[in-house]
Amino acid sequence: MSETTANVSKEEKKRINPQIESLKNVWRKLKTNYLAMAGGILIILFIITAIVGPWLTTLDPNMPNVQARLQGPSSEFWFGTDHHGRDIFTRIVHGMSITLYIGFFSVAIGMVLGVVLGIVAGYYGRRIDAVIMRIMDVLLAFPGILLALGIVAVLGGSINNVIIAISIFSIPVFARIVRGSTLSVRKLEYVDAVRALGASDFRIIFLHILPNILSPIIVQATLHIATAVLTATGLSFLGLGAQPPTPEWGAMLASGRNYMWDHPHIALFPGLAIVLVVLAFNLFGDGVRDTLDPKIKS
Amino acid sequence: MDNTNTIIKVDNLQTSFFTHRGEVKAVDGVHFDVPAGKTLGIVGESGSGKSITSLSIMRLIESPGRIKGGNITFNGEDLLAKTEAEMRSIRGNKISMIFQEPMTSLNPVYTIGDQIAEAYQIHQGLSKKEALQKSLGMLELVGIPSPKARLKAYPHELSGGMRQRAMIAIALACNPQLLIADEPTTALDVTIQAQILRLISGLQKELGMSMLLITHDLGVVAETCDYVAVMYAGKIVEYADVTTLFKQPKHPYTVGLLKSLPRHDIDQDELQVIKGMVPSPDDLPEGCRFAPRCPFAREMCVNSLPDLRDQEEGNQVRCWIHTDEWDGPEVNVKDDYDYGYRTVEGTES
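This structure is a prediction, so every number in the text was calculated from the model and none was measured.

Colleague: Help me out: how do you make sense of the packing of helix H6 (residues 160–172) of chain B against helix H7 (residues 190–207) of chain B in this one?
Modeller: The geometry of a pair of packed helices is captured by two quantities: the angle between their axes and the separation between those axes. All names here are of chain B. It is at 10 Å that the axes of H6 and H7 come closest, and there the two elements cross at 15°. Relative to H7, H6 is oriented roughly parallel. Two packed elements cross with a definite hand, and for H6 against H7 that hand is right-handed. On H7, the residues touching Gly 161, Gln 164, Arg 165, Ile 168 and Leu 172 of H6 are Ile 192, Gln 195, Ile 196, Leu 199, Ile 200, Leu 203 and Leu 207. The class makeup of the residues in the contact of H6 with H7 is eight nonpolar, three polar and one charged.

Spelled out as structure tokens, the structure:
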């Protein structure tokens, strides 16, 4: 009985879509890259923590506890407590979802807008290209954090405004890469061939060019999440992002700064959390790049 | 030329590229027509404007290129007056194109089936399932073995010949009235070339299409075409039916091309070549464009450009030799080509 099922599944395997096959190939290559796998496993752990963590911690991340102020790490408070007596471990666990939320959403929004602008610029060329890319150049002329700072200063400090700010400074990053890739793909013969088949510009752009430039977009998105997280925590550190008492890591770092010499653990643990998240996305992104784009491996 | 049953008529087509160095006339006053169910071969060297002619018919000339003048009449309708949307409904539907490079003309991320089905989805609004069903029929038609499996194959899984068959299937999916084949066999192995040519001309007769075959290979022309237009530097220099052209070539360029073909019936130590290069389209000679390379060229050839004139044998030739104005000694281009004489200084290339 079990033998027949095994045979059937083997037959099924032969018939599956080669696109899934190629995904399998990517996975096979990625698996041998231990650093990337370490990054990937960390990212999965972070996501699990963000989802189930808040239910597993017993303490309230925002409730002050005057009796337990400024305590060092102990078996009761694993990462110690801050100047309000709040458990730092609980706050870091609760902050995980905020960090990932900002990272994923800001990159997703920036990516969608950047891809559309870049592909349109690259495909139509000439004046449209010139206008779009000059606007992108203006955005790129500001250092990322400075631009985000300016935007948040105008919009006001909140997590959603941080997402908007980071999305805006992410747009040109994606637009540039996508424009370049579009320029090289649109010259290929199969694009001429589908045009000669009567395909509309929309069809050519989204059905024929976009699927062929996904690799650099995926690579850039993964790596850019690290930058987005760093910028978001930076903004909160400067008091422009998440507002107290939100357990946002950048804000925690800022409040720990005043106790740096006597109670370094208050700043140390949020700092370590930021480093770990950024490191995980960078390692994973580098691995994805080496797997998808062996040519740009430098 | 019989105009009663013409599928496409190209009249004084002028396509130029406007670069910072000025206007480059890639196609300059080309006339021809293709009768229903017949094949016209356009022959010429690289840069003679033959591909630009075909792209002009499809209205796929990209900036900085532009169709500057002339008429293209397809089925009695003026193609140059059509809107872009109207052109899209013609492309791939009534006029189809096969490209030179089967290796790069298929999108690597879609299956062969998806890509044939796309023609039906664009032009007939069929669902994916119906379109794939019809695609299967097309793969059978172009003679791809085990078509059902190939439907799900990706381009990289097929050989060059198979990919070109798939390209033909895409082009013929909507049963076009005119097929433009732009050097369809150039990129293929010699052994595959004959198969593909036979397939194309077989299907052309079976489906009753007209065909415009663009090539630099006179052997291909002899095998497949009914009429031939020889292009040189953006102009047609000779137009004839295929028998006349091979038996009675009139233009020195045509003769040169024919003489440069390798022959199997005589022992040849080396191949003949036409000396010199095709003039760059941004720096064309004032008179006959072939004059700098022509062994018969005289002063009149260098100074003024002859018209395309009808000959007794039915050819149309753009050459002073075949006019009353010719001021040189009598020339039989075909026989005298080898020892052509030169009378004008500075015409040697």
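What follows continues from the structure just given.
Colleague: Any chance you could explain the packing of aromatic side chains here in plain terms?
Modeller: For any pair of aromatic rings, geometry is given as the distance between the ring centres together with the angle between the planes. As enumerated under the stated definition, the model contains eight aromatic pairs over all chains in all. Judged by centre distance (6.0 Å) and plane angle (80°), the ring pair of Phe104(A) and Phe281(A) falls under edge-to-face. Separated by 177 residues along the polypeptide, Phe104(A) in helix H4 (residues 88–124) and Phe281(A) in helix H12 (residues 265–292) bring together distant segments of the chain. Take Phe104(A): its relative accessible area is 33%, and that puts it in the partly exposed class. Accessibility expressed as a relative area gives 3% for Phe281(A), which makes it buried. For the pair Tyr253(B) and Phe290(B), a centre-to-centre distance of 5.1 Å together with 65° between the ring planes defines the contact as edge-to-face. One end of the pair, Tyr253(B), is in helix H10 (residues 252–259); the other, Phe290(B), is in the loop between H10 and helix H11 (299–303), with 37 residues separating them in the sequence.

Colleague: Teacher, can you tell me more about the interface of chain B and chain A here?
Modeller: The accessible area lost on association of the parts is a frequent measure of interface size. The partner chain A presents 21 residues to the 29 residues of chain B that form the contact. Together, the buried faces of chain B and chain A total about 2,100 Å²; carbon and sulfur atoms form 54% of this surface. One can count three salt bridges joining chain B with chain A. Across the pair Arg195(A) and Glu62(B) runs a salt bridge, and its minimum N-O distance is 3.0 Å. Taken together, the connections running from chain B to chain A amount to 14 residue pairs in polar contact (both at pLDDT 80 or more). Broken down by element, the residue count for the side of chain B that touches chain A peaks at six residues, all from helix H3 (residues 112–123) of chain B. For the side of chain B that touches chain A, a count of residues per class yields 14 nonpolar, nine polar and six charged.

Colleague: I'm lost on the sheet that holds strand S5 (residues 77–78) of chain B in this one. Help?
Modeller: Backbone hydrogen bonds are what pair the strands of a sheet, in a parallel or an antiparallel way. Residues and elements named next belong to chain B. What the four strands build is an open sheet, ordered S2-S1-S4-S5; its pairing is antiparallel. Edge positions in the sheet fall to strand S2 (22–35) and S5, since each has one partner strand and no second. Pairing geometry for strand S1 (residues 6–19) and strand S4 (residues 65–74), over eight bridges, is antiparallel. Of the residues in S4, the one forming a bridge with Ser 16 is Arg 66.

Colleague: Explain the packing of H3(B) against helix H4 (residues 128–141) of chain B to me, please; I cannot follow it from the model alone.
Modeller: Residues and elements named next belong to chain B. Orientation of H3 relative to H4, taken along the N-to-C sense of each, is 110°, at an axis distance of 8 Å. One way to sum up the angle between H3 and H4 is to call them roughly perpendicular. Between H3 and H4 lies a crossing whose hand is right-handed. Note on element contacts: H4 touches H3 through Lys 128, Ala 131, Leu 132, Lys 134, Ser 135, Met 138 and Leu 139, opposite Ile 112, Gly 113, Asp 114, Ile 116, Ala 117, Tyr 120 and Gln 121. Looking at the contact of H3 with H4 residue by residue, the class counts come to eight nonpolar, three polar and three charged.

The rules behind the values
- Residue positions within a chain follow its written sequence, with the count starting from 1.
- Whichever chain is written first is A, and whichever ligand is written first is 1; the rest continue in order.
- pLDDT decides what is reported in this predicted model: residues at 70 or higher carry local features, side-chain atom pairs at 80 or more are listed and counted, and totals for whole chains, interfaces and linings draw on all residues regardless.
- Based on all heavy atoms of the structure, the side-chain values leave hydrogens and waters out of the count.
- Convention adopted: a line fitted to C-alpha atoms gives each axis, helices being fitted over their contacting stretch, and angles between N-to-C directions are expressed from 0 to 180 degrees.
- The way it works is that DSSP assigns letters per residue, a run of H or I at least four long becomes a helix, a run of E at least two long becomes a strand, and they are numbered from the N terminus.
- Comment on the angle field: the value is read as roughly parallel under 35 degrees, roughly antiparallel over 145, roughly perpendicular from 65 to 115, and oblique elsewhere.
- Definitions for this section: a left-handed crossing has its near helix turned counterclockwise from the far helix by less than a right angle. A right-handed crossing has that turn clockwise.
- Throughout, a residue-residue contact means that at least one pair of heavy atoms, one from each residue, lies within 4.5 Å.
- Basically, the charged four are Asp, Glu, Lys and Arg, the nonpolar ten are Ala, Val, Leu, Ile, Met, Phe, Trp, Tyr, Cys and Pro, and anything else, Gly included, counts as polar.
- When the centres of two rings from Phe, Tyr and Trp lie within 6.5 Å, Trp using its six-membered ring, the rings pair. Their planes under 30 degrees apart give stacked, over 60 give edge-to-face, and anything left gives tilted.
- Burial classification: accessible surface area is computed with a 1.4 Å probe over protein chains only, and a residue below 20% of its type maximum counts as buried, one above 50% as exposed, and the rest as partly exposed.
- Buried area counts how much accessible surface, traced with a 1.4 Å probe, disappears from two parts once they are put together, with both parts' losses summed.
- A pair is scored as a salt bridge if a Lys or Arg side-chain nitrogen falls within 4 Å of a carboxyl oxygen belonging to Asp or Glu.
- Pairs of N or O atoms are called polar contacts if they sit within 3.5 Å, as long as, within protein, a hydrogen donor faces a hydrogen acceptor (for residues adjacent in sequence, only side-chain-to-side-chain pairs).
- When DSSP finds two or more bridges between two strands, those strands count as paired.

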